[in-house]
Amino acid sequence: MRTTKVTLAILMSLGGALAATVAQAADYYVSPTGTATWAQCTNIATPCSWQTAMANAAGGDTVYFRGGVYEPGEGRLFDEPAMHPDHSGTAANAIVLKAYPGEMPVIHEAYRPGAVAPASNTDPALGCFRNSYVTWDGFTIVRNLDNGYQASAVVRFELSDHCTITNSDLIGRPHMDQYNGSLIHIVQSRHITIANNKLHGMSRDPNAVATTVNTSAIWSFNFDHVNIFNNDFYDNYGNISTKAGTSFLTVHHNHIWNCGSAAVRAVPQIEGTTDIHIYQNVIRDCPLVLDSPDPFALLYNLRLYNNTIYNAGGGMLANIGSPSYQWHRNTEVFNNILSNRGGGNPLLVRYFNSPNPAEMPTYADNNDFHGGGHWNLNYQTDYTTLAAWQAASGVDLHSIVSDPLFVSAGGTNPGDYKLLVNTPARTGGRGGVYATVLGAYITGDELIGYSPSYVADTNPPAAPSNLTVQ
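**Q** What exactly am I supposed to notice about the overall build of the protein here?
**A** In terms of helices and strands, the protein carries three helices and 34 strands. For the protein, the proportion of its 470 residues judged to be buried stands at 55%. For the protein, the exposed area adds up to about 18,600 Å²; of that, 55% sits on carbon and sulfur atoms.

See below:
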C-alpha cells in the first residue's frame with residue numbers, strides 16, 4: 001500500500017509539473033532589434049531578440065516574429081541552422097514560430113566566414129536540429145550566396161521529428177557549381193511537413209559545371225514520412241530530389257512549373273527505399289515528371305497517378321529503371337494526363353524491362369498520352385504508336401491519346417487544367433479504390449498549389465494585459 005501511495009504521489013507531482021508547463025505556455029514577440037528578457041517579451045511593446053526566443057521557447061509557446069530583416073549569422077556547429085529552438089514541443093503542444101499577422105519577417109541565409117572562400121561556407125538560416133514538434137510559419141527566407149558546398153540549404157531539418165515549414169516564401173538563386181544545393185535539406189529526419197509554400201529561383205547558372213544535377217528546391221536523404229503538398233515550385237533546376245534510404249514520401253496537390261530538370265527525382269542508394277507516392281499535381285513546362293534512373297538498390301512501391309502534365313518539354317512522364325544496376329519492384333503508373341503540344345517527337349515514358357518480369361511496372365495503364373511522341377523500352381527501342389507500345393511492353397492497354405480538353409490549356413494557374421464536361425478524360429480511369437477520372441482534378445474542387453488563404457490569424461493577437469511581477 002505504501003508503494004501505491006508513493007507511486008500516486010509521484011504521478012500527481014509529475015502531472016502537476018506538466019500542467020504547470022502547459023499553463024506557462026504563452027505568446028511571445030521578437031523583433032530584429034529586440035532586447036527584452038524572455039519574461040518581458042510576452043508584451044508586444046517589449047520584444048526580445050530571436051536568440052532569446054530560440055534559447056527559451058518550449059512546448060505550447062507561440063513566438064511571433066515582427067516584420068523586418070533578420071541576419072542570423074552562423075550556427076553553433078557546421079551545417080547547424082542558425083535559428084532553431086533549443087527545446088522541443090510535443091504532439092499536443094508544439095513550438096510555433098510564426099510571422100506576426102500583417103507583417104513580413106525576412107530571414108537571410110546564414111554566413112560562416114571560412115578560410116577557403118566565404119561563399120563556400122554557409123549555414124542554414126533556420127530549421128530543426130535534434131528537435132521535435134516545431135513549426136515555422138509565414139517567413140520570407142532568402143538564399144544570399146551561390147556557394148559550392150555540397151548539400152547547402154537555407155532551411156535544414158536534421159535528426160528531427162515532426163517539424164513543419166508552412167506559408168513561407170523561399171527564394172533561391174542560380175547555382176554555380178558542386179551539387180546538392182537546395183532551399184530545404186532534410187537529413188535523417190522523420191514526419192516532416194512542407195505545406196503551402198513558394199519555392200523558387202533555385203536554378204542552374206548557365207556557366208555551371210555539370211555536377212549541379214541535384215540542385216533542387218528540396219534535397220533529402222535518410223528520412224521517412226515526408227509530406228509535401230499545396231506548394232508552388234517554379235524557376236528551379238530540380239524541384240524534389242531524394243535518395244539514400246527514403247521511405248514514405250508523398251508529393252501531392254502541388255503546382256510545379258518552369259523546371260530545368262525533373263519535378264521529382266528519386267534515386268535509391270540504400271536497400272529498403274520504399275513507398276513514394278506522387279499524385280494530383282499540376283506540372284507544366286518541365287522536361288520530366290519522374291526521374292528514377294540508375295538506382296544502386298531496389299525501390300519498392302512507387303506510385304505515380306492522377307497527375308496533370310502540360311507542355312513537358314521533353315514530354316516525359318516517367319523514366320523508371322536502368323540497365324546499369326538493379327531495378328524497381330511494384331511500380332504503378334496510372335490515371336495521368338500528359339498533354340505535350342510542344343512539337344517535335346517527345347519521349348513519353350521509358351521503362352527498363354529486365355529479365356525479371358516483376359521489374360517492369362506492375363501496373364501502367366489508364367493514362368492519356370496526348371500530343372504525339374514515342375515510348376521507349378530498355379533504353380534501346382522506340383515505339384511511335386500506342387498500339388506498338390502496347391504490343392511490345394504489355395502495359396498501357398487501356399491508355400488513350402485523346403485531347404483531354406482543359407478549361408484553358410496553356411494557362412498559368414492550376415485551375416486552367418481542370419477538365420471540361422465533355423472530356424474523354426472523365427472516364428477510363430483505373431477505378432476501384434482509385435478515380436475513374438484522369439488527371440489532377442478528380443472532383444474539380446481540388447485545391448492545388450500555394451494559397452494565401454491558408455495563412456492563419458488574420459487578426460493580430462491581443463497584447464497581454466494585467467501583467468504582474470512575481
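**Q** Before we go on, may I ask you to explain the pattern of salt bridges in this structure?
**A** Two side chains that carry opposite charge are able to pair once their charged atoms sit near each other. Tallied over the entire structure, the rule returns eight salt bridges. The partner of R284 in a salt bridge is D285, with the nearest N and O atoms 3.2 Å apart. Given the relative accessible area of 28%, D285 is considered partly exposed. A salt bridge links R303 to E332; the shortest N-O distance between them is 3.3 Å. Placement of the pair is R303 in strand β24 (residues 299-305) and E332 in strand β28 (residues 332-334), with a sequence separation of 29 residues.

**Q** I keep staring at the nonpolar core and nothing clicks. Help me out?
**A** Generally speaking, nonpolar side chains in soluble globular proteins are found buried as a group. Judged by nonpolar contacts, the single largest core of 79 residues is most densely connected at F65, W136, I184, L317 and Y351. Once you skip the residues sitting within four places of it in the chain, Y351 turns out to touch A318, I320, V333, M360, P361, A364, N376, L377, N378, W389 and V395. One finds V282, F406, V437 and L438 within the second-largest nonpolar core, a separate group that totals 12 residues.

**Q** For this particular structure, what's the right way to read empty space enclosed by the protein?
**A** Unoccupied space between atoms shows up once a probe the size of one water molecule is rolled over them. Overall, the coordinates contain one cavity of 30 Å³ or more when judged by the stated rule. Looking at the largest cavity, its volume works out to about 50 Å³. Lining the largest cavity are 12 residues, and of these S216, G238, S261, A262 and R265 lie nearest its centre. Secondary structure elements with two or more residues in the lining of the largest cavity: β18 (238-252) and β20 (262-267). Across the lining of the largest cavity, the residue classes break down as six nonpolar, five polar and one charged.

**Q** I tried to follow the environment of Y441 on my own but got confused; where do I start?
**A** Secondary-structure assignment places Y441 in the segment after α3 (386-393). Expressed as a C-alpha distance, the spacing of Y441 and N306, which sit 135 residues apart in the sequence, is 8.0 Å. In this view, Y441 contacts V282, P414, G415, Y417, K418, L419, E446 and I448; residues no more than four positions away in its chain are not counted. Within the structure, the side chain of Y441 is placed 3.4 Å from the backbone nitrogen of G415, a separation counted as a polar contact.

**Q** Help me out: how do you make sense of the sheet that holds strand β5 (residues 105-108) in this one?
**A** Adjacent strands of a sheet pair through backbone hydrogen bonds, lying either parallel or antiparallel. What the 11 strands build is an open sheet, ordered β3-β5-β10-β13-β15-β17-β19-β22-β25-β29-β32; its pairing is parallel. On the outer flanks of this sheet lie β3 (68-70) and β32 (368-370), each paired with one strand and no other. Pairs of neighbouring strands in the sheet enclose a mean axial angle of 10°, with direction left out of account. Bridging between strand β13 (residues 169-171) and strand β15 (residues 198-200) involves three bridges; their strand directions are parallel. The partner of L170 across the bridge, within β15, is L199.

**Q** Explain the pairing of strand β2 (residues 62-65) here, please?
**A** Regular strands place side chains that alternate from one sheet face to the opposite one. Taking every second residue as pointing to the same face, both faces of β2 are buried, with T62 and Y64 on one and V63 and F65 on the other. Pairing geometry for strand β1 (residues 27-30) and β2, over four bridges, is parallel. Counterpart to Y28 in the pairing with β2 is V63. As for the winding sense of the linkage, the β-α-β connection from β1 through helix α2 (residues 50-56) to β2 is right-handed. Looking at chain direction, β2 and strand β4 (residues 95-99) are connected through four bridges and run parallel. Pairing of Y64 across the sheet is with K98, part of β4.

**Q** Honestly, the state of the cysteines in this entry has me stumped. Any pointers?
**A** By definition, a disulfide is the covalent link that joins the sulfur atoms of two cysteine residues. Tallying each qualifying case throughout the model produces two disulfides. Disulfide pairing is shown between C128 and C163; the S-S distance is 2.2 Å. With the S-S bond torsion at -110°, the cross-link from C128 to C163 turns out left-handed. One end of the pair, C128, is in strand β8 (residues 126-129); the other, C163, is in strand β12 (residues 161-166), and 35 residues separate them in sequence.

**Q** Which parts of the structure should I look at to understand unusual backbone geometry?
**A** Outside of glycine, negative phi angles account for most residues, and trans bonds account for most peptide bonds. One non-glycine residue with positive phi stands out, namely H191, at about 55°. Assignment of secondary structure puts H191 in strand β14 (residues 182-195). Look at H225: it is not a glycine, yet its phi comes out positive at around 60°. Along the chain, H225 falls in strand β16 (residues 216-229).

**Q** Sorry, what's going on with the packing of aromatic side chains here?
**A** Centre distance and the angle of the planes are the two values used to describe a pair of aromatic rings. Evaluated as defined, the whole model comprises 22 aromatic pairs. Centroid distance Y351 to W389: 5.9 Å. Interplanar angle 40°. Geometry classified as tilted. In this pair, Y351 is assigned in strand β30 (residues 347-351) and W389 in helix α3, connecting sequence segments 38 residues apart. For Y351, a relative accessible area of 1% gives the class buried. On the basis of an interplanar angle of 15° and a centroid distance of 6.5 Å, the ring pair of W375 and W389 is categorised as stacked. Of this pair, W375 sits in strand β33 (residues 374-377) while W389 sits in helix α3, placing them 14 residues apart in sequence. Of the two residues examined, W375 and W389, each falls in the buried class.

Reading the values: rules and limits
Every residue gets a number counted from 1 within its own chain, in the order that chain's sequence is written. This being a predicted model, a pLDDT of at least 70 is required before a residue's local features are given, and a value of 80 or more before pairs of side-chain atoms are given or counted; all residues contribute to the totals for chains, interfaces and linings. The side-chain quantities take in all heavy atoms of the structure and omit both hydrogens and water. The secondary structure listing takes helices from DSSP runs of H or I that are at least 4 residues long and strands from runs of E that are at least 2 residues long, numbered from the N terminus. Each residue is placed in one exposure class: buried if its accessible area under a 1.4 Å probe, protein chains only, is under 20% of its type's maximum, exposed if it is over 50%, and partly exposed if it falls in between. Residue burial considers only the protein chains on display, and all accessible areas are found by Shrake-Rupley using a 1.4 Å probe. Salt bridges are counted wherever a side-chain nitrogen of Lys or Arg sits within 4 Å of a carboxyl oxygen of Asp or Glu. Among buried residues, those of type Ala, Val, Leu, Ile, Met, Phe, Trp, Tyr and Cys that are joined through side-chain atoms within 4.5 Å constitute a nonpolar core. Only heavy atoms enter the contact rule, under which two residues are in contact if any of them lie within 4.5 Å. Buriedness for pockets is judged along seven lines, at least five of which must meet protein on both sides within 12 Å for an open set on the 1 Å grid over protein atoms alone, while cavities are sets there where a 1.4 Å probe fits but cannot get out, and lining residues have an atom within 4 Å of a point. Grid points are joined across faces, edges and corners, and a volume is the space filled by probe spheres set on the points. Polar here means any residue other than Ala, Val, Leu, Ile, Met, Phe, Trp, Tyr, Cys and Pro, which are nonpolar, and Asp, Glu, Lys and Arg, which are charged; Gly is therefore polar. Under the rule applied, a polar contact is a pair of N or O atoms within 3.5 Å (in protein, one hydrogen donor and one hydrogen acceptor; residues adjacent in sequence only if both atoms are side-chain atoms). For two strands to be treated as a pair, DSSP must find no fewer than two bridges joining them. Between N-to-C directions, angles span 0 to 180 degrees; the directions come from axes that are lines fitted to C-alpha atoms, helices contributing only their stretch in contact. Whether a crossover is right-handed depends on one test, that the path from the first strand over the helix to the second runs clockwise when the strands point away from the viewer. Criterion for a disulfide: a pair of cysteine sulfur atoms within 2.5 Å. For Phe, Tyr and Trp, where Trp contributes only its six-membered ring, two rings pair if their centres lie within 6.5 Å, and the inter-plane angle classes them as stacked under 30 degrees, edge-to-face over 60, or tilted in between.

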